[in-house]
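# Remarks on the overall topology
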Amino acid sequence: MYSEWAKDEIHIDRLEVFAYHGVYPEETRNGQTFYVNAVLYTDMEKAGTSDELEHTVDYGAVCHFITKWMQENTCRLLEAVAERLSEALLLNYSLVSAVSLEIVKPFAPVLLPFEEISVRVNRSWHRAYIALGSNMGERESFLSDAIEAMKKHPLIELRKVSELLVTKPYGGVEQDDFLNGAVEIETLMNPQQLLEALHEMENAAGRERTIHWGPRTLDLDILFFDKIVMESDNLVIPHPDLENRRFVLEPLAEIAPAFRHPVTGKSIRVLLRDLEDFR
């Protein structure tokens, strides 16, 4: 599914749909014509070689899916139509790694001369690596519950789960040993949305943020998100100082040894080896 946007494209241009979206009551009551332009990013090499429909995205089925979704759902804003429909397409067509979707409203009630008004979004699956840790109470249960929560989340696909290992606390605070692991996921959420989802899982486990680097029932950290390098008030990606944390690198090397740190360019395997050599 994930491919950092597959290089091949299927285009659907000006698919006409009569549907019931709009801010004004008459728009949702009487309906109007919309046009949908979509670009589906996928890998066509296997289909090109086999000449079999099962190896590609059936664009006819996609057209019917778009029409059915547009007619069975009602949104006030074009932005909401584009966002929710792109999400539905990505969730329903596993061979599509990304979609560029334009919703055109040719008869928008603007009361001025214009050709068309439209909204376009680009959405895709993202690959992320998450570190898991716990050193309070039923550690293994907290971690397994978090993994199960990721499996059940509608916008997350759990791909790989490492073995769990017991590690000494990091940061100088005296406390019990940790149980640590790592997972690889694919998600339709952006980094901030993913962070909020992970915080909800931590809160469900009774996580309290009272002591920095202190004991915790559940700790879920975003290590990498695609190849993004970013810093905000509450989120830094890649996770800072991960190259000095064996409890992060060891489980990560199990599931993604060849993944390269977007800043240093070093693979996880090399980062772990460097840390072991240093010590």
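The text that follows walks through the structure, step by step, so that each part is easy to find.

Reading the values: the criteria
Residues numbered from 1 in each chain as written. Predicted model: local features only at pLDDT ≥ 70, side-chain atom pairs only at ≥ 80, totals over all residues. Heavy atoms only, no water. Core = buried A, V, L, I, M, F, W, Y, C linked by side-chain atoms within 4.5 Å. Buried < 20%, exposed > 50% of the residue type's maximum accessible area, 1.4 Å probe, protein only. Helix = DSSP H or I, 4+ residues; strand = E, 2+ residues; numbered from the N terminus. Contact = heavy atoms within 4.5 Å. Pairing = 2+ DSSP bridges. Axes fitted to C-alpha atoms, helices over the stretch in contact; angles between N-to-C directions. Disulfide = S-S within 2.5 Å.

With 59 residues, the main nonpolar core has Met 70, Ile 103, Ile 130, Met 150 and Leu 194 as its most contacted residues. Here this core gets eight residues from one element, more than from any other, and that element is helix H4 (residues 78-92). Those residues in contact with Leu 194 that sit more than four places away from it in its chain are Ala 128, Ile 130, Ile 156, Ile 185, Met 189, Ile 222 and Phe 225. Grouped together as the second largest cluster of nonpolar side chains are 18 residues, Tyr 129, Phe 224, Ala 253 and Ala 256 included.

Moving on, we come to the pairing of strand E8 (residues 178-187). The buried fraction of E8 amounts to 10 of the 10 residues, a majority that puts the element mostly inside the structure. Burial of the side chains of E8 extends over both faces: Phe 178, Asn 180, Ala 182, Glu 184 and Glu 186 are buried on one face and Leu 179, Gly 181, Val 183, Ile 185 and Thr 187 on the other. In terms of strand pairing, strand E5 (residues 126-134) meets E8 through nine bridges, oriented antiparallel. When the sheet's bridge partners are listed, Leu 132 is paired in E8 with Gly 181.

What links the strands of a sheet is backbone hydrogen bonding, and the strands pair in either a parallel or an antiparallel sense. Strand order in the open sheet formed by four strands is E1-E2-E3-E4, with antiparallel pairing between adjacent strands. One side of each edge strand has no neighbouring strand; the edge strands of this open sheet are strand E1 (8-19) and strand E4 (117-124). The sheet shows a mean angle of 15 degrees between the axes of neighbouring strands, taken without regard to direction. Both strand E2 (residues 32-42) and strand E3 (residues 98-105) contribute to a ladder of seven bridges, which runs antiparallel. Each residue of the ladder has a partner; that of Tyr 35, found in E3, is Val 104. Its contacts with the sheet place helix H3 (residues 59-72) against E1, E2 and E3, and it is angled at close to 35 degrees to E1. Together, E2, E3 and E4 form the strand contacts of H4, whose direction differs from that of E3 by roughly 145 degrees.

Below, the discussion takes up the state of the cysteines. For the structure on display, the rule yields zero disulfides. In this structure Cys 63 is not part of a disulfide, and its nearest cysteine sulfur, from Cys 75, lies 19 Å away.

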